[in-house]
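Commentary on secondary and tertiary structure
As a plain string of letters, each chain reads:
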Amino acid sequence: MTASGSKRVLIVEDERDILKLVTHYLEKEGFRVLTATTGIEALKKIQEEKPDLLMLDLMLPEMDGLEVCKRVRAAPETAMLPIIMLTAKAEESDTVIGLELGADDYVTKPFSPKALVARAKALLRRLERAPAAESTRYRYGPLAMDLGRHEVRLGEKEVLLTAKEFGLLEHLLRNPGRVLTRDILLNAVWGYDYYGTTRTVDVHIRRLKQKLPLLDEAIVSVKSMGYKLKEL
Ligand code: CA
């Protein structure tokens, strides 16, 4: 199956000409295209249609792309939705904020639709290649995690982690390069019914870094959102 094979893309763009052009190219490449022209409409369609990829313009009426991005990442059921931002050159600082809010990639206007389609395919391929839930081994430089043996090694040496530290590390290694909100991590490691606060996540991340100093710089804090494990 190709990366585009029946994948559904939601394009959020208020400029009709761009919307039409991008739709045309994506359909030609085998994507199924959904469209929205405002931030509010985008959130509604994401919830109802559950697209595989979001192409999100920054400057939108009603609610801008940054706010849409933030809300998508904050909701557990859409937190992992791949997002490509469409930005203008003048919005460079917003682009940085967008990436911090969890967008996966961005394309600067004016872009060629061909280049955008290529980015979309590359992103989907990258995510498909990412270890699936059933994967049992992860590597990160000299760090190796074996889920089957419930073991973490740094080179030859075994590192002893608590169950929660182990769970956190597993979730980070499974999603390198992606912003994981404290809520996502809390739900993934402690479970939905856990009766604690997101501060718990901070405390455990700190302990994980103390036990594995190589993660000190590799796990970056994303302001007011959560954490990200830098891609190697
Ligand atoms: Ca716009």
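Everything discussed here concerns the structure shown above.
Predicted model, so just to flag it, every value in this text is computed and none were measured.

Taken together, Asp14 (OD), Asp57 (OD) and Met59 (O) make up the full set of protein donors to the calcium ion, lying 2.1 to 2.3 Å away. Read in sequence order, the donor residues coordinating the calcium ion give the pattern D-x42-D-x1-M. Taken together, the residues span a long stretch of sequence, with Asp14 in the loop between β1 (8-12) and α1 (16-28) and Met59 in the loop between β3 (53-57) and α3 (65-74) at a distance of 45 residues.

Here we take up the packing of aromatic side chains. Under the criterion given, the structure shown has zero aromatic pairs. A cation over a ring is seen here: Lys28 above Tyr25, with NZ or CZ 4.9 Å from the ring centre.

On to the sheet that holds strand β8 (residues 151-154). Pairing is antiparallel in the open sheet, where four strands are placed in the order β6-β7-β8-β9. The open sheet terminates on both sides in strands that have one partner only, identified here as β6 (137-140) and β9 (157-159). Direction aside, the axes of adjacent strands within the sheet are offset by 25° on average. As paired strands, β6 and strand β7 (residues 143-146) are joined by four bridges and run antiparallel to one another. Among the inter-strand pairings, Arg139 is bridged to a residue of β7, identified as Ala144. Lying on the sheet, helix α6 (residues 163-174) is in contact with β6, β7 and β8; it crosses β7 at an angle near 110°.

Conventions adopted
Residues numbered from 1 in each chain as written. Predicted model: local features only at pLDDT ≥ 70, side-chain atom pairs only at ≥ 80, totals over all residues. Heavy atoms only, no water. Donors = N, O, S within 2.8 Å, 3.2 Å for Na, K, Ca; no water. Helix = DSSP H or I, 4+ residues; strand = E, 2+ residues; numbered from the N terminus. Phe/Tyr/Trp six-rings, centres within 6.5 Å; stacked < 30°, edge-to-face > 60°. Lys NZ or Arg CZ within 6 Å of the ring centre and 35° of its normal. Pairing = 2+ DSSP bridges. Axes fitted to C-alpha atoms, helices over the stretch in contact; angles between N-to-C directions. Contact = heavy atoms within 4.5 Å.

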